[in-house]
Every structure is written in structure tokens, then in C-alpha cells.
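# Observations on chain architecture
Below, each chain spelled out in residue letters.
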Protein chains: 2
Amino acid sequence: MSEFPEIETGGYAPPVSKAESAPLEFEVDRSSPVPLYYQLAQQLEGAIEHGRLAPGSLLGNEIELAGRLGLSRPTVRQAIQSLVDKGLLVRRRGVGTQVVHSQVKRPLELSSLFDDLQAAGQSPATQVLRNETEPATAQVAAALGIAEGSDVVVLQRLRFTHGEPMAHMCNYLPPGLIPLDNAKLESTGLYRMMRAAGITLHSARQSVGARCATEAEGELLAEEPGAALLTMSRTTYDDTGRAVEYGTHIYRASRYAFEFQLLVRA
Amino acid sequence: MSEFPEIETGGYAPPVSKAESAPLEFEVDRSSPVPLYYQLAQQLEGAIEHGRLAPGSLLGNEIELAGRLGLSRPTVRQAIQSLVDKGLLVRRRGVGTQVVHSQVKRPLELSSLFDDLQAAGQSPATQVLRNETEPATAQVAAALGIAEGSDVVVLQRLRFTHGEPMAHMCNYLPPGLIPLDNAKLESTGLYRMMRAAGITLHSARQSVGARCATEAEGELLAEEPGAALLTMSRTTYDDTGRAVEYGTHIYRASRYAFEFQLLVRA
DNA sequence: TAGTGGTCTAGACCACGTT
DNA sequence: ACGTGGTCTAGACCACTAA
């Protein structure tokens, strides 16, 4: 984005003298609507990703970097901080800011609230088994933070990959939150429909367990009774903290595992 | 920490006139070594937690808040931002900063890299089955980012709660990272030992699945063969991005489930 | 139009880690 | 002692939202 470096008008480059370990050049476009700190953060991230900034290398102190870019130090700090939060950089007092030397090239960016099955060419398909409104049970009401017995939409879906059943999903939503068209539900994911409706997903509370399949579950998922199943229940919240979805899902353990990344809170 | 409010010397309280929706009073102690933004953040968090700031209520604009506290606006912003990152507050341009109205009182603070069993009075106990150095297999070497065949410490532990076996844990660590005393391993957790040794844990990559217990596993965990087991493999990284631990664990699904929270990346 | 948060500046002093 | 990041200030202008 905004990969069109403006022609440098007039401004002569001062003769660079010191040959440092990483005398990389960055530039910001002040006519762009993109925030300056964000432009810098993107360039830094790109340089790290493409190896132009080697793992372990120092970034050069913030004041000098600010001067070189014609930015103030707080702005540069904001850019650096965003990459520290992403786990790409480490700050050390008295030392400087270093590029993290992770073996795993980019242990970040993950767990964007699993679209999982949608992703990575798994040719997913969905079959809607049920899409109705009914009174909320105590459990569902508690999870969604609504009154017991008030209306909720119940959604039951079967998800396939490569023509094989893979998960059974049961979801509960506040009524009227978004239009739940069966055709749309079978062609895309629930979260995408929410985002498209202007809901900003923020966090989810999950519980993952396991149990052996009952006969009915085995039938549904084409597994033997007694086969291992992964169970997951999740409540999802939007950015105002309101619960927008509660679901209880079961997955065939033979075909599915949860992958995610945990960050330690400061 | 630092819960000793200094005696207020002299400073008279200016007569408060306006009765706003939330005319809460905050104070900062400039003689404290605790950063001002952090003091404010803690007070705000406390006020939210104790309900003195009702969900959905506005915080009052940043400039006025700064003036009332005798702080600059960037400092106040930094405090607010930290709570926004925690999911306690929401900012809306043209509207203001609101307290999130989450049903779940505090969906935060979790997933501090599960001490899990250590926590919440589960009277956990650990039995070390194995604590040796051996050459790394290809899988372990890849996970830790070291050369295949180089030395790694192998740790096998059985964890009990209430006298019942509950999980079998197999861990691999770079040699010499921390002293691995069996007595200490049985009285505390691996992560606590790492933190005590000055290692700052940063993130972990996990995979959670399920399978049925083999006969040996059933014996080890006091389950029938064929019982559902939760499996987890995890690689943990410190703040420099170096892998400090790789582990493959199995849990009795009848007694354990993973609980965690996912945050959507901005 | 008025009020809010979003961004940015050009300084300052301090605490810490290295040397 | 020196250099680094950590914190803080007192302003400024802009973009968005609501009334």
C-alpha cells in the first residue's frame, strides 16, 4: 500500500558517514492519509520479514531514527511499540531495540478467531440442519447475558471438508442481530456475516475438551461410536463487550486439531 | 503493590461544582516510582471492577480528565489506551470513551500461560518420572530450533490433583537453560522456575487435539483403554523469540478442559 | 456546528544497563 | 560515565460523529 515513493524535491541527502550495522533507509509520505507511525511500522515490519533487518540486529536509537526520518521521537516510538506488541521487536534499556531472533519466522498474526475451515483451500462446505427461534435455556441465557426464556436463534450446521463430515456446530444468537439466510450460511462463515453486518468482533472465551462419540454422534460424523471427539464451547463478544454468539461444537479428532497462539499478558 | 497512599499534605480539594454522570475522583501520587499513567490505569480498572464506573457509562473527555488530575493529555491517553487494549474500555470518535458492558465481568487477565493446575486450590502434586539429557530427535530439534542430535533435556512428569492422576507431561528444554532440580520440579511449575531464573516468557504456539487412550496410557492415568484423552503440544518462546520449551502432554478428558480467551488482532 | 478521539511535535528529565 | 529506552509535558491540527 502506498508504495509510490514521492519524488524527492530539493531536499539534499546529507552525506552519511557512519557505516552502521543496519543503515537502512526508510521514508514516509506526509501527503498520505495513512498515519506516519503506521507507515513506519509497516516499513519496519517489511524489512524484518524480508530479512533486510537481521534477527538480533539493533535498530539504532530512537532519537537518531526520528531525526533521519524527520519525525518526532514519540511518533517513532509509537511505530516501534506496535511492533513490540506484535512480538517482532524487543526493547532493552541501555542496549537498544533489537529484532527478535525467532526460529519460527512469524509466530504472530494467528488466531484471528478461527475461520479455520474457511481458510487454506480446504474446500469447505456447510449444511444447515436447523435455523429457528426458540426460548433460551438457562445455560444459553447465561452465556449470552439475556433473560432465560427470551427468544434466541438456534443454528445447527454440519461442516464438510473434501466431502467428508468434519464438525457439528450448534450456535445461539440474539434475535435480530444479523439476518441469517440459509443460502448465505452455506456459502460463507458466521463471523464473516457478522463483520459484514458491521459488528466488530473483539474476543472469545473458549473451552476445549474431549469425549467419546455417542452412537448418534458417530452416525452424524461418520465415526465409530466411542471414537474421540474434540468438543468446544465458545462465547464471542463484540467490541462493546456484548455477547454476540454462543456455540457448542464437536469435531472429529481424527481430522481436526486446534492450533493457536497464546500471548503472555504484561 | 505500593498500596500505601501517601498522606496528602496541604493540597486542598477545589470545590467540585458540576454533577456529571460519573464525577469520580482519581488521584495520582507524583512521589511514587509507579508511572503516572499506570497509577491512573489501575484506579480506572478498580473503579470499573467495583462497579463505580457502570458499564456503558462515559469516561468524560480526555482533556478535561487530564486537567482534573493535573496530568497532560498524552499521559491520560496512555492510561486509557492500556485499558482499551485489555478490553475494558472502548473509544468512539465523536462520542467518547465508554466502559465495556460485558456480561462476563472480567473476560481478561486470563491465559497467562496456564499455570492451570497450580492455580485455584486444586492441591496439585507432581511426580518426576524422568529427567535426563539425550540427543534431540528431528521433531524436537525443529520445535526448539536447534540441530538434530544435539543435547536436550527430557522431562517426564505426572501431575495429580486431589490424589488422582490427571496429566502426563513430556517436555524438552535446551540444555543449561535453567537448573532442573527434581525436588523443585515437584514443588512448583516449570514456568515459575523459568521466570525465577530471569526468563521472560512471551508467547506459546499450541496445538490441541484428542484421541483414545492406549492401554499403557490408560494404566498411567487410571483410565480405561479407549477413554478420551486431550492432547496438547506446545512450544514456548521468550521475549527474544528463542524457543525455551517444547512439550507434548496428555490429559484425562474426564477431568480437564482447556479454557482460554482469544483476542482478535487489530 | 460542537465535541470527541486520532495524530503529531519538540522539547525535558529520569532509570537502567553497559562500559 | 555514557547511551539507551521510559516517562512526561503543553501545546497543535485533523477526522469523525452527533445534534
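Rules and cut-offs
- Residues numbered from 1 in each chain as written.
- Chains lettered and ligands numbered in written order.
- Predicted model: local features only at pLDDT ≥ 70, side-chain atom pairs only at ≥ 80, totals over all residues.
- Heavy atoms only, no water.
- Helix = DSSP H or I, 4+ residues; strand = E, 2+ residues; numbered from the N terminus.
- Buried < 20%, exposed > 50% of the residue type's maximum accessible area, 1.4 Å probe, protein only.
- Contact = heavy atoms within 4.5 Å.
- Areas by Shrake-Rupley, 256 points an atom, 1.4 Å probe, with all protein chains shown as cover.
- Axes fitted to C-alpha atoms, helices over the stretch in contact; angles between N-to-C directions.
- Parallel < 35°, antiparallel > 145°, perpendicular 65-115°, else oblique.
- Left-handed = near helix turned anticlockwise from the far one by under 90°.
- Expected span 1.5 Å × (residues − 1).
- Disulfide = S-S within 2.5 Å.
- Core = buried A, V, L, I, M, F, W, Y, C linked by side-chain atoms within 4.5 Å.
- Near = heavy atom within 4 Å.
- Phe/Tyr/Trp six-rings, centres within 6.5 Å; stacked < 30°, edge-to-face > 60°.
- Polar contact = N/O pair within 3.5 Å; in protein donor to acceptor, adjacent residues only side chain to side chain.
- Nonpolar A, V, L, I, M, F, W, Y, C, P; charged D, E, K, R; others polar.
- pLDDT = per-residue confidence, 0-100.
- Pairing = 2+ DSSP bridges.

Moving on, we get to the overall build of chain A. Across its full length, chain A carries seven helices and nine strands. For chain A, the proportion of its 266 residues judged to be buried stands at 45%. Across chain A, every contact between residues at least 6 apart in sequence was considered, and the portion connecting residues at least 24 apart equals 55%. Surface exposure of chain A reaches about 13800 Å², of which carbon and sulfur atoms provide 53%.

Residues and elements named next belong to chain B. Their axes nearest at 8 Å, the elements helix α1 (residues 36-49) and helix α3 (residues 73-86) cross at an angle of 50°. Considering their axes alone, α1 and α3 lie oblique with respect to each other. In terms of crossing hand, the pair formed by α1 and α3 is right-handed. Contacts between α1 and α3 pair L36, Y37, L40, A41, L44 and E45 from the former with T75, V76, Q78, A79, I80, S82, L83 and K86 from the latter.

To continue, consider α1(B). Residues and elements named next belong to chain B. Its 14 residues give α1 an end-to-end C-alpha distance of 20 Å, which sits within 8% of 20 Å, the value for a rise of 1.5 Å per residue. Where α1 is concerned, the buried positions are Q39, L40, A41, L44, E45, G46, A47 and I48. Buried-residue contacts for α1 involve α2 (62-69), α3, β1 (89-92) and β2 (96-99). G51 sits one or two residues past α1 and shows a positive phi near 80°.

Any covalent bond linking the sulfur atoms of two cysteines counts as a disulfide. Under the defined criterion, the tally for this structure stands at zero disulfides over all chains. Left without a disulfide partner, C212(A) is nearest to the cysteine sulfur of C212(B), which lies 4.7 Å away.

The next point concerns the nonpolar core. Residues V208(A), L230(A), F258(A), V208(B), L230(B) and F258(B) are the most contacted members of the largest nonpolar core, which totals 26 residues. For this core, the elements supplying multiple residues, two or more each, are β5 (164-173), β6 (201-212), β7 (228-238) and β9 (258-263) of chain A together with β5 (164-173), β6 (201-212), β7 (228-238) and β9 (258-263) of chain B. Filtering out sequence-adjacent residues up to four positions away, V208(B) remains in contact with V208(A), L230(A), A257(A), F258(A), F260(A), L230(B), T231(B), M232(B) and F258(B). Among the nonpolar cores identified, the runner-up in size contains 21 residues, and V28(B), L53(B), V76(B) and V84(B) belong to it.

With that settled, consider the protein's contact with DNA strand D. The full set close to DNA strand D counts 23 residues, and R73(A), R30(B), L36(B), S72(B) and T75(B) are the nearest of them. Expressed as a percentage, the sugar and phosphate content of the atoms of DNA strand D within 4 Å of the protein is 70%. Where the surface near DNA strand D is concerned, the elements lending two or more residues are α3 (73-86), β1 (89-92) and β2 (96-99) of chain A together with α1 and α3 of chain B. In terms of residue count, α3(B) provides more of the surface near DNA strand D than any other element does, three residues in total.

Moving on: the packing of aromatic side chains. Scanning the model with the defined rule gives 10 aromatic pairs over all chains in all. Judged by centre distance (5.3 Å) and plane angle (80°), the rings of Y256(A) and F258(A) are edge-to-face. Y256(A) sits in the buried class, given a relative accessible area of 10%. A centroid spacing of 6.0 Å and a plane angle of 25° characterise the contact between Y172(B) and Y246(B), whose relative ring orientation is stacked. Of this pair, Y172(B) sits in strand β5 while Y246(B) sits in strand β8 (residues 243-252), placing them 74 residues apart in sequence. According to the relative accessible area criterion, Y172(B) is buried, its value standing at 16%.

Another aspect to go through is the protein's contact with DNA strand C. Close to DNA strand C lie 23 residues, the nearest being R30(A), L36(A), S72(A), T75(A) and R73(B). Counting only the atoms of DNA strand C that lie within 4 Å of the protein, the sugar and phosphate share comes to 70%. Here a phosphate oxygen of DNA strand C and a side-chain polar atom of R30(A) are 2.7 Å apart. Note that a phosphate oxygen of DNA strand C is positioned 3.2 Å from one of the side-chain N or O atoms of Y37(A). Only α1 (36-49) and α3 of chain A together with α3, β1 and β2 of chain B provide two or more residues apiece to the surface near DNA strand C. For the surface near DNA strand C, the per-class residue count stands at seven nonpolar, seven polar and nine charged.

Residues and elements named next belong to chain A. In this model, chain A carries an average pLDDT of 80, and 81% of its residues clear a pLDDT of 70 or more. Considering each helix and strand of chain A separately, the mean pLDDT is smallest for β9, with a value of 76, and largest for helix α7 (residues 215-221), with 95. Counted against residues more than four places away or in other chains, residues 1-22, with its pLDDT under 50, gives nine contacts. The low-confidence segment residues 103-114 (pLDDT under 50) makes 37 contacts with residues lying over four places distant or belonging to another chain.

Two faces make up the sheet, and in a regular strand the side chains alternate between them. Residue and element names in this part refer to chain B. Of all 10 residues in β5, nine are buried; the element is thus mostly enclosed. Summarising the sheet, strand β4 (residues 151-161) and β5 pair through nine bridges and their orientation is antiparallel. Looking across to β5, one finds that F160 is bridged to P165. Connecting the antiparallel pair β4 and β5 is a turn made up of two residues, with H162 showing a positive phi of about 55°. As paired strands, β5 and β8 are joined by six bridges and run antiparallel to one another. When the bridges of β8 are listed, Y172 appears paired with Y246.

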